[in-house]
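Working through the structure, step by step
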Amino acid sequence: MVKELVHMDTFGNIKIKIMNWTKFQNQFHPSWHRFMQPFIESEACDNIYKFLKSESQRGKKIAPLSPNVYRCFLETPLTDLNMVIVGMCPYHTLRNGNPIADGLLMGCSATDLLQPSLQQFYGGIERELYQGLNLTILKNPDVTYLAKQGVLMYNAALTTEINKAGSHIDIWEPFTKYLFEEVLSYTGVPVLFLGKDASKYERYVPPFSWSFTVRHPASASYKQTDWDTEGVFTKLNKIIKENNNTEINWLEKVPF
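Thresholds, definitions, all that
Residues numbered from 1 in each chain as written. Predicted model: local features only at pLDDT ≥ 70, side-chain atom pairs only at ≥ 80, totals over all residues. Heavy atoms only, no water. Axes fitted to C-alpha atoms, helices over the stretch in contact; angles between N-to-C directions. Helix = DSSP H or I, 4+ residues; strand = E, 2+ residues; numbered from the N terminus. Parallel < 35°, antiparallel > 145°, perpendicular 65-115°, else oblique. Contact = heavy atoms within 4.5 Å. Left-handed = near helix turned anticlockwise from the far one by under 90°. Nonpolar A, V, L, I, M, F, W, Y, C, P; charged D, E, K, R; others polar. Expected span 1.5 Å × (residues − 1). Buried < 20%, exposed > 50% of the residue type's maximum accessible area, 1.4 Å probe, protein only. Arc of directions from axis to C-beta. Salt bridge = Lys/Arg side-chain N within 4 Å of Asp/Glu carboxyl O.

Digging into the packing of helix 5 (residues 116-130) against helix 9 (residues 232-244)
One can describe the packing of helix 5 onto helix 9 by two numbers: an axis separation of 9 Å at closest approach and a directional angle of 75°. Between helix 5 and helix 9, the angle is such that the two are roughly perpendicular. Between helix 5 and helix 9, the residues in contact are Phe 121, Ile 125, Glu 128 and Leu 129 and Val 232, Phe 233 and Thr 234, respectively.

Brief notes about the packing of helix 2 (residues 33-40) against helix 7 (residues 169-183)
Contact geometry of helix 2 with helix 7 gives a least axis separation of 11 Å together with a crossing angle of 140°. Both helix 2 and helix 7 take part in a crossing whose hand is right-handed. Between helix 2 and helix 7, the contacting residues are Phe 35, Met 36, Pro 38 and Phe 39 on the first element and Pro 174, Phe 175, Tyr 178, Leu 179, Glu 182 and Val 183 on the second. Looking at side-chain class alone, the contact of helix 2 with helix 7 contains 9 nonpolar, no polar and 1 charged residues.

Focus on the environment of Thr 229
Here Thr 229 lies in the loop between helix 8 (217-223) and helix 9. Along the chain, Thr 229 and Pro 217 lie 12 residues apart, while their C-alpha atoms are 8.8 Å from each other. Excluding its chain neighbours within four sequence positions, the residues that come into contact with Thr 229 are Gly 124, Ile 125, Glu 128 and Val 214.

A short note on unusual backbone geometry
In the segment running from Ala 63 into Pro 64, the intervening peptide bond is cis, with an omega of -5°. Positive phi, normally seen in glycine, also occurs at Asp 112, with a value near 60°. Tracing the sequence through the fold places Asp 112 in the loop between strand 6 (98-99) and helix 5. Within the chain, Glu 230 stands out as a residue other than glycine whose phi angle is a positive 60°. Within the secondary structure, Glu 230 sits in the loop between helix 8 and helix 9.

A closer look at helix 3 (residues 43-57)
Because an α-helix completes one turn every 3.6 residues, residues spaced three or four positions apart along the sequence face the same direction. Look at helix 3: 21 Å from first C-alpha to last across 15 residues, which is about the 21 Å you get at 1.5 Å a residue. Within the sequence span of helix 3, burial applies to Cys 45, Ile 48, Tyr 49, Leu 52, Glu 55 and Ser 56. On an axial view of helix 3, the arc spanned by its buried residues comes to 115°, and they lie on one face. Set apart from the buried face of helix 3 by more than 90 degrees, the exposed residues are Glu 43, Lys 50 and Gln 57.

Overview of the pattern of salt bridges
One pass over the structure, following the stated rule, counts 10 salt bridges. As a salt-bridge pair, Asp 142 and Arg 71 come within 3.8 Å of each other at their nearest N and O atoms. One end of the pair, Asp 142, is in the loop between helix 5 and helix 6 (144-147); the other, Arg 71, is in helix 4 (residues 71-75), and 71 residues separate them in sequence. The exposure class assigned to Asp 142 is partly exposed, which follows from its relative accessible area of 23%. Note that Glu 75 is salt-bridged to Lys 148, the shortest N-O span being 2.9 Å. You can see Glu 75 sitting in helix 4 and its partner Lys 148 sitting in the loop between helix 6 and strand 7 (151-155), a full 73 residues away along the chain. Residue Lys 148 is classed as exposed on the basis of its relative accessible area of 54%. Each of the salt bridges in this network shares a partner with another, and the network as a whole consists of Arg 71, Glu 75, Asp 102, Asp 142 and Lys 148.

Right, here's the structure in full:
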């Protein structure tokens, strides 16, 4: 089945390119393919791309760039999945004409400029796990180090209109529903929701699964306070250790 795939040129303008699943699948790690192909070939997916095409024709700019839209599924193989962190949508701003969003939740490696919400994320974990002081921590705009440890860094809306936060939330909900009910439900991995808006998707998490909700780090930035993790990362590592006999290194260490 042929699909329309949105991409952006170097000026941030959206173009529409015809692609089939064989080419489209390169945006996902192979371990996701048999699970994602049914959705990509569904009417629900058609509706998403019809919406994006319509927005393009109206002159709207969208983040992240098309090659990064499904990046979280490329960086984290389903076979290595340990847990999921869910936020609402990508960064909706530009820097030097380029989207800050890089396709991973809170990731800002596209511009290599640490954003306040990610700064709060690192600070909250440092206070929880190291009493607020660890001189070996690397506060990196790139959160790939978490993705490579089996943490799916997922935005419930995989795209957003530039300068309009949350503008694509509704159009992506069928995808999020499918992801939780048809794919993640079989994994049993814990889920962390950042903020009450993201936590509305908890209704798609299967009964008896581990799920947690804490404030989004961005809210602490807005209020100019420190982000309180409520001890959730210690709890998550305990669950992951019991499930998969491993733990997440939540903070990246400075290489020596």
